[in-house]
Amino acid sequence: MELKTKVHAEEGKQELIVTREFDLPLELLFRAYTEPEILEEWMGTKVLKLENKKHGSWQFETTDPAGNKHGFSGTIHDFVPEERITRTFEMENSGFGVQLEFLEFEKLTEDTSKLRMHIIYKTLEERAQYLKIGMARGMGLAHNRLEKAAIKFKK
Amino acid sequence: MNLRRDVFQAIADPTRRAILLLVATHAMTAGAIAANFDTARPTVSKHLAILTECELLKQEQNGREIYYHLNPHKMKEIADFIEPFRKMWDDRFNKLEDIMKKYQTKK
């Protein structure tokens, strides 16, 4: 099976590149990043604020199964519709530093598009820690799916 | 946690990455490895010690010489490490695609 999402993490660098091709026109892919209701649906988060413009800012909030609330926020440095979003990203009260994100949207064909996320961390260690968190999340997601599938069999 | 045993810490150094590339094709002695670098021999020995500690390199005694060779299993561990992270994004993006397809048909 072809890998749709690719992660490029070169050793010794505090950056990460995530690329993904979508079976969606560029316009629809971009809307997934700009319409709060849509963003809430696929990110599984609550959107408290989303000012997609230069000098704007954003604020998300997620609630974990234990009921704890986690804040995510940042500022938007550059916003060009259907082209790019440059923003900072911070997990509040996590001890992690701020990261810089370059999101580049590209039209491939009338029905397909591509997203390239270029993330820069403050240090090499922070990237490693972030990957570890992502790994735990990835495992969690796989586990959740397994659980859902198992419940179906029960019924 | 002992950082020196962390494979990511081990490959963070350019000299150590160069050493791994050197021994990738065939096992080499510490002397032969050191000959490829301008750095002092003890510095190279230190790098070899770190790479051995985190199991990226394996030592093999051959007569009076110790040969260093690459441990491919440990290298694979590095590649496997990123995989679940990739999966997390893949799941998220798949969801995005599914949701947006609904909007596409609505049009």
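In this convention, every chain numbers its residues from 1, walking through the sequence in written order. Labels follow written order: the first chain is A, the first ligand is 1, and so on. Where totals are concerned, whole chains, interfaces and linings use all residues; where local detail is concerned, this predicted model gives features only for residues with pLDDT of at least 70, and gives and counts side-chain atom pairs only at 80 or more. The side-chain quantities take in all heavy atoms of the structure and omit both hydrogens and water.

An unreviewed UniProt entry annotates chain B as Winged helix-turn-helix transcriptional regulator originating from Chitinophaga varians.

Going by what an unreviewed UniProt entry lists, chain A is known as ATPase and is assigned to Chitinophaga varians. Quoted verbatim from the Sequence similarities (unreviewed entry) field of UniProt, the annotation for chain A is "Belongs to the AHA1 family." UniProt positions are given in the numbering used here, feature names are shortened, and annotations may be inferred rather than shown by experiment.

We call a set of buried residues a nonpolar core when its members are Ala, Val, Leu, Ile, Met, Phe, Trp, Tyr or Cys and they connect through side-chain atoms within 4.5 Å of each other. For every residue, the accessible area (1.4 Å probe, protein chains only) is compared with the maximum for its type, and the residue is labelled buried under 20%, exposed over 50%, or partly exposed between those bounds. A:Tyr33, A:Trp42, A:Phe105, A:Leu115, B:Phe93, B:Leu96 and B:Met100 are the most contacted members of the largest nonpolar core, which totals 42 residues. Numbering of helices and strands starts at the N terminus; helices are DSSP runs of H or I of at least 4 residues and strands are runs of E of at least 2. The greatest single-element share of this core, amounting to 10 residues, is contributed by helix H5 (residues 72–106) of chain B. When checking whether two residues touch, look at their non-hydrogen atoms; a contact exists if any pair is within 4.5 Å. Not counting chain neighbours up to four residues away, the residues in contact with A:Trp42 comprise A:Ala32, A:Tyr33, B:Arg92, B:Phe93, B:Lys95, B:Leu96 and B:Ile99. B:Val7, B:Ile11, B:Leu48 and B:Leu56 belong to the second largest nonpolar core, which has 20 residues in total.

Turning our attention to the interface of chain B and chain A. Taken together, the contact pairs 28 residues of chain B with 42 residues of chain A. When two parts are put together, the accessible area they lose, computed with a 1.4 Å probe and summed over both, is reported as buried area. Between chain B and chain A, the buried area comes to about 3,400 Å², and carbon and sulfur atoms account for 68% of it. Criterion for a salt bridge: a side-chain nitrogen of Lys or Arg within 4 Å of a carboxyl oxygen of Asp or Glu. For the pair chain B and chain A, the number of links is four salt bridges. A:Arg20 is the partner of B:Glu97 in a salt bridge, and the nearest nitrogen-oxygen pair spans 3.5 Å. Pairing of N or O atoms within 3.5 Å defines a polar contact, subject to two protein rules: one partner must be a possible hydrogen donor and the other a possible acceptor, and residues neighboring in sequence count only if both atoms are side-chain atoms. The interface formed by chain B and chain A includes nine residue pairs in polar contact (both at pLDDT 80 or more). If you tally residues by element for the side of chain B that touches chain A, the top one is H5(B), at 22 residues. Among the residues forming the side of chain B that touches chain A, the class breakdown is 13 nonpolar, three polar and 12 charged. Nonpolar residues are Ala, Val, Leu, Ile, Met, Phe, Trp, Tyr, Cys and Pro. Charged residues are Asp, Glu, Lys and Arg, and all others, Gly as well, are polar.

Turning next to the side chain of B:Arg16. Residues and elements named next belong to chain B. The residue Arg16 is located in helix H2 (residues 14–25) in this model. Since its relative accessible area comes to 10%, Arg16 is described here as buried. Residues within four places of Arg16 in sequence aside, it is in contact with Gln9, Ala10, His47, Ile50 and Leu51.

Turning our attention to the pattern of salt bridges. Scanning the model with the defined rule gives 12 salt bridges over all chains in all. The salt bridge partner of B:Lys87 is B:Asp91, with a shortest N-O separation of 3.9 Å. Residue B:Lys87 and its partner B:Asp91 are located together in helix H5, separated by four residues, close to a single helical turn. Through salt bridges that share partners, A:Lys4, A:Arg20, B:Asp90 and B:Glu97 make up one connected network.

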